[in-house]
Amino acid sequence: MSCWRNGARMAERLFAIGDIHGCKDELARLLDAVPAGADDTIVFVGDYIDRGHDSHGVIEHLMAWRTRTPARTVFLKGNHEDMALGFLGRSGQWGEAWLRNGGVAALRSYGIDPHMPRADVALRMPETHVAFMTALETSFRWDGYLVVHAGIRPGVPWEAQRTEDLLWIREEFLDQPHDLGATVIFGHTPHRRVVDGQPYRIGIDTGCVYGGALTCLALPEGHVYQVRLGDTVVREDTLATAVRRRL
């Protein structure tokens, strides 16, 4: 598949967007700036909710936006969505840890008292939002790239990778090479700059909710779009420049 820009033929592109964590305004500005067409794919690495002030608004915006964009959309699950589902009595894990890991802010964005019993919270959560989280995928392959939320466990074949590692792993993945034959694009672990560890990994969680930026990586050209927390301007850079610039 291919697309055209300014009269020139371009190959299909992948746009990967990092952890959002309730930063709805920054998400809206970033999506407005991403030039994705009908032949392109936009993949989100998860963690749409928690910590930031508008988890409800993020999911509402994403559900409405995916009906308008011409691009293919892929939504991956983050560990925060998995914890929320566990808390709500659905298929997630570690639900007992959700409130102390940003779930309180998420519930308040829904107008729900976080001190209510779990069963009452589950009844008050919009079913469309719960369905959105339930339908999230855990991985996406594109050309020579593998997109997951947190990473993979080095030394383990792809078919033996555990979902818990895809959602939660940190140091074991960050500190070692792997032999999966793909560059892993991941979020989960915030950094002050994009992490370019090719051919093994590229990290795109640049800590928007902590005062950093929300990042979108365009491939294969290696173009980076970023909007800082509270800013109205989306900055565009090459991957090489974004890796050097501390947010």
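Sequence order as written defines residue numbering, which begins from 1 separately in each chain. Thresholds applied to this predicted model are a pLDDT of at least 70 for local features of residues and 80 or more for the giving and counting of side-chain atom pairs; totals over whole chains, interfaces and linings are not thresholded and use all residues. Values reported for side chains reflect all heavy atoms of the structure, with hydrogen atoms and water molecules removed beforehand.

Caption draft 1: Focus on the overall build of the protein chain. Along the protein chain, the regular secondary structure elements total nine helices and 13 strands. Radius of gyration here is computed from C-alpha atoms only, and the compact-globule reference equals 2.2 Å multiplied by the residue count raised to the power 0.38. Taken against the 2.2 N^0.38 rule, which gives 18 Å for 247 residues, the C-alpha radius of gyration of the protein chain at 17 Å falls within 12% of a compact globule. Burial classes follow relative accessibility: with a 1.4 Å probe on protein chains only, a residue under 20% of its type's maximum area counts as buried, one over 50% as exposed, and anything between as partly exposed. Among the 247 residues that make up the protein chain, the fraction classed as buried is 55%. Whether two residues are in contact is decided by their heavy atoms, any of which lying within 4.5 Å being enough. Counted over contacts in the protein chain with a minimum sequence separation of 6, partners at least 24 positions apart contribute 58%. Note on areas: Shrake-Rupley, 1.4 Å probe, and residue coverage restricted to the protein chains presented here. For the protein chain, the exposed area adds up to about 10700 Å²; of that, 48% sits on carbon and sulfur atoms. Neither His nor the chain ends contribute to the count of charged residues, in which Lys and Arg are positive and Asp and Glu negative. Working definition for charges: the position is that of NZ of Lys, CZ of Arg, CG of Asp or CD of Glu. Here the protein chain carries 27 positive and 32 negative side-chain charges, and the mean point of each set is 3 Å from the other. We count a stretch as a helix when DSSP gives it H or I for four or more residues in a row; a strand needs E for two or more, and each element gets its number in order from the N terminus.

Caption draft 2: Inspection of the packing of helix H3 (residues 79-87) against helix H6 (residues 127-134) at higher detail. Convention adopted: a line fitted to C-alpha atoms gives each axis, helices being fitted over their contacting stretch, and angles between N-to-C directions are expressed from 0 to 180 degrees. Close contact between H3 and H6 brings their axes to 10 Å; oriented N to C, the two are set at 125°. Here H3 lies oblique to H6, going by the angle between them. H6 is crossed by H3, and the crossing has left-handed handedness. The segment H3 lies against H6, with Glu81, Ala84 and Leu85 engaging Val130, Met133 and Thr134. Residue classes in the contact of H3 with H6 are distributed as four nonpolar, one polar and one charged. What sets the label is the angle itself: under 35 degrees gives roughly parallel, over 145 gives roughly antiparallel, 65 to 115 gives roughly perpendicular, and the rest give oblique. What makes a crossing left-handed is the near helix being turned counterclockwise from the far one by less than a right angle; a clockwise turn instead makes it right-handed. Gly is placed with the polar residues, together with every amino acid not listed as nonpolar (Ala, Val, Leu, Ile, Met, Phe, Trp, Tyr, Cys and Pro) or charged (Asp, Glu, Lys and Arg).

Caption draft 3: Here's a closer look at the nonpolar core. Residues enter a nonpolar core if they are buried and are Ala, Val, Leu, Ile, Met, Phe, Trp, Tyr or Cys, with the set joined through side-chain atoms within 4.5 Å. Membership of the largest hydrophobic core comes to 45 residues, with the highest contact counts inside it found for Phe44, Tyr48, Leu62 and Met133. For this core, the element with the most residues is helix H2 (residues 55-65), which contributes five residues. Excluding residues that lie within four positions of it along the chain, tyrosine 48 makes contacts with Ile20, His21, Gly22, Val58, Leu62, Phe75, Leu76, Glu81, Phe132 and Leu136.

Caption draft 4: Main features of the pattern of salt bridges. The rule for a salt bridge is simple: a side-chain nitrogen of Lys or Arg has to be within 4 Å of a carboxyl oxygen of Asp or Glu. In the structure shown here, the tally under the stated rule is six salt bridges. One salt bridge connects glutamate 127 with arginine 90, and the closest N-O pair in it is separated by 3.2 Å. A residue pair is termed long-range when its members are at least 10 positions apart, and glutamate 127 in helix H6 and arginine 90 in the loop between H3 and helix H4 (103-109) qualify at 37 residues. You can call arginine 90 partly exposed: its relative accessible area is 41%. One salt bridge connects aspartate 165 with arginine 153, and the closest N-O pair in it is separated by 2.8 Å. One end of the pair, aspartate 165, is in helix H7 (residues 163-168); the other, arginine 153, is in the loop between strand S7 (145-147) and H7, and 12 residues separate them in sequence. With relative accessibility at 6%, the residue aspartate 165 sits in the buried group. In the salt-bridge network here, residues are joined through shared partners; they are Arg153, Arg162 and Asp165.

Caption draft 5: Just H3, in detail. Judged by how many residues are buried, H3 sits mostly within the fold: nine of nine residues are covered. Residues of H3 that are buried: Asn79, His80, Glu81, Asp82, Met83, Ala84, Leu85, Gly86 and Phe87. Buried residues along H3 sit against helix H5 (118-124), H6 and H7. A positive phi of about 80° marks glycine 89, the residue just after H3.

Caption draft 6: Region of interest: the sheet that holds strand S3 (residues 14-17). Across the sheet, six strands lie side by side as S5-S4-S3-S11-S12-S13; this open sheet has mixed pairing. The two strands at the open ends of the sheet, each matched to only one other strand, are strand S5 (72-75) and strand S13 (234-238). Recorded for the sheet is a direction-independent mean angle of 20° between the axes of neighbouring strands. One ladder, built from four bridges, connects S3 with strand S11 (residues 213-219); its direction is antiparallel. Opposite isoleucine 17, over in S11, you have cysteine 216 as the bridge partner. Strands were regarded as paired on the criterion that DSSP finds at least two bridges between them.

Caption draft 7: Representation of the sheet that holds strand S8 (residues 183-186). The sheet built from five strands is open, its strands ordered S6-S7-S8-S10-S9 with mixed pairing. Edge positions in the open sheet fall to strand S6 (140-142) and strand S9 (195-197), since each of these has one partner strand only. Each strand of the sheet is rotated relative to its neighbour by a mean of 15°, with strand direction disregarded.

Caption draft 8: Looking closely at the packing of H2 against H6. Running from N to C, H2 and H6 cross one another at 75°; their axes reach a closest spacing of 11 Å. When the interaxial angle is binned, H2 and H6 end up roughly perpendicular. On H6, the residues that touch His56, Ile59, Glu60, Leu62 and Met63 of H2 are Thr128, His129, Phe132 and Met133. Among the residues forming the contact of H2 with H6, the class breakdown is five nonpolar, three polar and one charged.

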